[in-house]
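Listed below, chain by chain, are the residues.
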Amino acid sequence: MSSSATPRKTALITGITGQDGSYLAELLLEKNYEVWGIIRRSSSFNTGRIDHLYRDPHESEVHLRLVYGDLSDASSINQILKKVRPDEIYNLGAQSHVKVSFDVPEYTGDVTGLGVTRLLEAIRELGLNARFYQASSSELYGKVVETPQTERTPFHPRSPYAAAKAYAFYITQNYRESYDMFAVNGILFNHESPRRGETFVTRKVTRAAARIKLGLQAKLYLGNLDAKRDWGFAGDYVEAMWLMLQAEKPDDYVVATGETHSVREFCEVTFKHIGMPITWEGEGVHERGIGPDGRTLIEIDPRYFRPAEVDLLLGDASKARRELNWQPKVTFAGLAKMMVEADLKNETEHPR
Ligand code: NDP
Ligand code: GDR
C-alpha cells in the first residue's frame, strides 16, 4: 500500500495554543495525522504559536482543525470527542503556572485536575478506543526524597498546581487499571523553547537579556536564584509524548535530560552568550547581578518567591531511553543560546 493510501490517524490536542501543543501539532502534521485542537475563546488572539500551521478550512488538504471548548466544561468535551472520535488524545491543557496556582487554587484544581476526569469519562462513556496521554509533571516530586527522580520516586506536591497534577496522574492510572484503557502519564521535567510563556523563568531571563542588550529595558527582577531544574528542549519532549502512545502497552515514563542547573547558572550562560557576562554581589534578597560595565542588571524581588518552593529536580529518563528509544538532543547551553537568539531577533523586529 502506498503511503498516500494509508488512512490518516486522528489526534486531538488540548492545550494546542500552548508551548507544547504547538510543537506537538507540528510533529503530528509531519507524520500525516489529522490534527484537531481545542482552543478557548479569548478577547485577544491566543493562537500565535500555531498560526503558521493554520489553513483556511475552505481550502483543500486541510489537516489542522480548531474547535472551541474548555476543560472546565464537560459538555463541550463530550461533544468534541463524539464528533472527532480521535485515535489519540494528548491532554496538554492546564493552568500550568506554579506560582499563579497559589493565587487561583480552586480554578487550577478544576482545570488541571478535574479536567482530566472529564476527558477520561467522555472516552469511557462514548466507548472510544482512543489512546490517552496525560501531561504529568516533575512538580509531583516537589520536596524530593531521592535524587535523581525516577518513575518509582514518591510524590510530595508543593503547590496547588502540583496537587492537581497528582490527582490527574492517579486518575489516569486508575482509568487504565479499571477500564483497561490505553492511558499513560509522561512525567516531564521542565522543558523550554523560544515559544515558552514569558512569565516562566527561562524565557523571562532570555527575553530580558535581549531587551537589556538592545537598550529596551534596564533591569531584570527575579525570585529564587538557587532553585535547580532539569531543563530540556520542548521540541525533543513532544517526541517522547508521541512515542509513549505508539508503545505496545500503556505505561508511565520520566522524560528528562539528567542534568540539573540553577536559575543563577541559566542567567550566567544567557548573559555570557550575548557578550554581557555577569558577576554576583551581595547575599540573600540583596544579591545583584552586575554587568561588565558595572551596571546592576539583575535584582531580587521577593514577590517572586513561592509559599513553598521546589528546590531541586533532576530526572533519570533511563526507562524512556531503554523502552522508547528516546533521548534529548539539545543541551543546557544550546537551549539558552537558542532562546536568547530568538528573543534578540524578536525584540529587534518587534520591539515592545
Ligand atoms: P502552556 O501554559 O504553554 O499551555 C497551556 C495550554 O492549556 C494553553 O493552550 C492554554 O490555552 C490551555 N488551557 C488553559 N486552561 C484551559 C482550559 N480551561 N481549557 C482548555 N485549555 C486550557 O503549557 P505548556 O505547553 O508548557 O505545557 C503543556 C502541559 O504540560 C501542561 O499541562 C503543563 O502543566 C504540562 N507540563 C509542562 C512542563 C513544561 O516544562 N513546559 C513540564 C511538565 C508538565 P490558552 O492559550 O487559551 O491559555
Ligand atoms: P516551574 O517553572 O515552577 O518549575 O514549573 P518556572 O520557570 O516558573 O520556575 C522555575 C524556578 O525558577 C524560580 N524562579 C522564578 N520563576 C518564575 N516563574 N519567575 C521568576 O521571576 C523566578 N525567579 C526564580 C522558581 O521559584 C522556580 O523554582 C514549570 C511549569 O511549566 C509547570 O507547568 C511544569 O509542570 C514544571 O515546569 C515542570
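Residues numbered from 1 in each chain as written. Chains lettered and ligands numbered in written order. Predicted model: local features only at pLDDT ≥ 70, side-chain atom pairs only at ≥ 80, totals over all residues.

### Let's talk about the domain arrangement of the protein chain
Looking at the protein chain, the domain boundaries give domain 1 (8-195 + 232-259 + 310-329) and domain 2 (201-224 + 263-308 + 344-349). Computed over C-alpha atoms only, the centres of domain 1 and domain 2 are separated by 31 Å. Residue-level contacts link 6 residues of domain 1 with 5 residues of domain 2. The element best represented in the side of domain 1 that touches domain 2 is helix H3 (residues 98-103), accounting for 3 residues. The residue makeup of the side of domain 1 that touches domain 2, split by class, is 2 nonpolar, 1 polar and 3 charged. (Domains from an automatic or database assignment. Contact = placed C-beta atoms within 7 Å. Helix = DSSP H or I, 4+ residues; strand = E, 2+ residues; numbered from the N terminus. Nonpolar A, V, L, I, M, F, W, Y, C, P; charged D, E, K, R; others polar.)

### Examining the nonpolar core
The nonpolar side chains of soluble globular proteins are, as a tendency, buried together. Within the largest apolar cluster, 90 residues are counted, with the highest numbers of intra-cluster contacts made by Ile13, Leu24 and Val255. No other element matches helix H5 (residues 160-179), which puts 8 residues into this core. Mapped onto the domain boundaries, this core takes at least three residues apiece from domain 1 (8-195 + 232-259 + 310-329) and domain 2 (201-224 + 263-308 + 344-349). Apart from the residues lying within four places of it in its own chain, the contact partners of Ile13 are Gly21, Leu24, Ala25, Val35, Gly37, Tyr90 and Leu92. (Core = buried A, V, L, I, M, F, W, Y, C linked by C-beta atoms within 7 Å. Buried ≥ 20, exposed ≤ 12 C-beta atoms within 10 Å, placed from the backbone.)

### A word on the site of ligand 1
Near ligand 1 you find 26 residues, and of these Gly15, Gly18, Gly93, Ala94 and Ala135 are the closest. At the level of elements, helix H1 (19-30) and strand E5 (131-137) are the ones that each hand at least two residues to the shell around ligand 1. If one sorts the elements of the shell around ligand 1 by residue count, H1 sits on top with 3 residues. A breakdown of the residues in the shell around ligand 1 according to their chemical character gives 7 nonpolar, 16 polar and 3 charged. (Near = placed C-beta within 6 Å.)

### Focus: the packing of helix H2 (residues 74-84) against helix H4 (residues 105-126)
Helix-helix packing: each pair is described by the crossing angle between the helix axes and the interaxial distance. At their nearest, the axes of H2 and H4 sit 9 Å apart, and the two run at 45° to each other. With respect to H4, the element H2 is oriented oblique. Along this stretch, H2 crosses H4, giving a crossing that reads as right-handed. Across from Ala74, Ile77, Asn78, Leu81 and Lys82 in H2, the residues of H4 making contact are Arg118, Leu119, Ala122, Ile123 and Leu126. Tallied by class, residues from the contact of H2 with H4 come to 7 nonpolar, 1 polar and 2 charged. (Axes fitted to C-alpha atoms, helices over the stretch in contact; angles between N-to-C directions. Parallel < 35°, antiparallel > 145°, perpendicular 65-115°, else oblique. Left-handed = near helix turned anticlockwise from the far one by under 90°.)

### Section: H2
In an α-helix, one turn spans 3.6 residues, which is why side chains three or four residues apart end up on the same side. Listed in full, the buried residues belonging to H2 are Ile77, Ile80 and Leu81. An end-on view of H2 places all buried positions within 95° of arc, on one side of the element. When the buried face of H2 is taken as reference, the exposed residues oriented beyond 90 degrees from it are Ser75, Lys82 and Lys83. (Arc of directions from axis to C-beta.)

### A look at the packing of H1 against helix H7 (residues 234-246)
Following both chains from N to C, one finds H1 and H7 inclined at 65°, their axes separated by 9 Å at the closest point. In this structure, H1 crosses over H7, and the sense of that crossing is right-handed. Contacts between H1 and H7 involve Gln19, Asp20, Tyr23, Leu24 and Leu27 from the former and Ala234, Gly235, Val238, Glu239, Met241 and Trp242 from the latter. Of the residues assigned to the contact of H1 with H7, the class counts are 7 nonpolar, 2 polar and 2 charged.

### Some words on the UniProt feature "domain: NAD(P)-binding" (unreviewed entry) in the protein chain
UniProt tags residues 12-339 as "domain: NAD(P)-binding" (unreviewed entry). With 38% helix and 17% strand, residues 12-339 has its two end C-alpha atoms placed 28 Å apart. (UniProt positions renumbered as here; feature names shortened; annotations may be inferred.)

### Considerations on H1
The end-to-end C-alpha separation of H1 is 17 Å, in line with the 16 Å expected for 12 residues at 1.5 Å each. Lining the buried residues of H1 we find strand E1 (10-14), strand E2 (34-39), strand E3 (64-68), strand E4 (88-91) and H7. (Expected span 1.5 Å × (residues − 1).)

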